[in-house]
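# Coordinate inspection notes
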Amino acid sequence: MSCPAQRAADLGLMGCHICGLVVRGRSGHGLLCPRCGAAVHFRKPNSLSRTWALLITAMLMYIPAMALPVMETSYFGNTQGDTIMSGVVYFLKHGDWPLALVIFVASVLVPLLKMIALVYLLVSVQRHSLFRHRERTRLYRITELIGRWSMVDVFVVALLVALVQLGALASIAPGLGAMAFAAVVILTIVAAMSFDPRLIWDHQERIHSHEQ
Ligand SMILES: [Zn+2]
């Protein structure tokens, strides 16, 4: 079994994304899965440009998500806006560093690292990089998985609202920053989904087949 890696795509074989049936044919000809009727294609169509578009939008939304208040607190008639970072500082000052850490990691660090990882994956695929395919595939898997954890932040805000409402001293409303933050979370999740990790391996296998 010293046969070099041959791609199913080279044999004209495609997997249906919906039901998993292996279909033989040529992509881009409106081929439909004979079993479930879904469109069948080799790679996710326009994966790179779609991922770039979603990612750049997410990066732009990250700015208001950090700069605008995520929470507006009204306390005896005084309204105060809190950004994510001012929330982190607030909890640090009050000695609640575990909560400060959770908010900082989930809301500031994770979305940022996720966007950096996606930029790195996109650029490396576009440059036909031959560097650490396996690690890059793992990075993609982590990036896709970690998106769900950004939602931790939503739970933190929900918890805060519940706590303050119990005291009935203040009222809390979500600010514009919260919308921008939700947009960042959703956009990075969809961007990671639209990236086709098989692209990482495409060029390596092409090089191998040239070497034969
Ligand atoms: Zn199917």
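Below, the structure is looked at part by part.

Rules and cut-offs
Residues numbered from 1 in each chain as written. Predicted model: local features only at pLDDT ≥ 70, side-chain atom pairs only at ≥ 80, totals over all residues. Heavy atoms only, no water. Core = buried A, V, L, I, M, F, W, Y, C linked by side-chain atoms within 4.5 Å. Buried < 20%, exposed > 50% of the residue type's maximum accessible area, 1.4 Å probe, protein only. Helix = DSSP H or I, 4+ residues; strand = E, 2+ residues; numbered from the N terminus. Phe/Tyr/Trp six-rings, centres within 6.5 Å; stacked < 30°, edge-to-face > 60°. Pairing = 2+ DSSP bridges. Expected span 1.5 Å × (residues − 1). Bend = angle between axes of the 7 residues up to and from the residue.

So, about the nonpolar core. Among the nonpolar cores identified, the biggest contains 31 residues, and Tyr-62, Ala-65, Met-66, Ile-84 and Phe-195 are the most heavily contacted of them. For this core, the element with the highest residue contribution is helix α3 (residues 97-126), accounting for eight residues. Within the second largest apolar cluster, six residues are counted, among which are Met-14, Cys-16, Cys-33 and Ala-38.

With that out of the way, let us pick up the packing of aromatic side chains. Two measures describe an aromatic ring pair: the distance that separates the ring centres and the angle between the ring planes. Enumeration over the complete set of coordinates arrives at two aromatic pairs. Arranged with centres 5.4 Å apart and planes meeting at 80°, the rings of Tyr-90 and Phe-91 form a pair that is edge-to-face. Classification of Tyr-90 by relative accessible area gives partly exposed; the value is 44%. For Phe-91, a relative accessible area of 10% gives the class buried.

Both strand β3 (residues 71-75) and strand β4 (residues 78-82) contribute to a ladder of five bridges, which runs antiparallel. Each residue of the ladder has a partner; that of Met-71, found in β4, is Asp-82. Counted between consecutive antiparallel strands, the loop separating β3 from β4 contains two residues, among which Phe-76 sits at a positive phi close to 50°.

Attention now goes to α3. If you check α3, its first and last C-alpha atoms are 41 Å apart, about what 30 residues at 1.5 Å a residue would give, namely 44 Å. Along its length, α3 shows its largest kink, about 35°, at Leu-109, and proline Pro-111 lies within four residues downstream of that point. Downstream of α3 by one or two residues, His-128 has phi in the positive range, about 50°.

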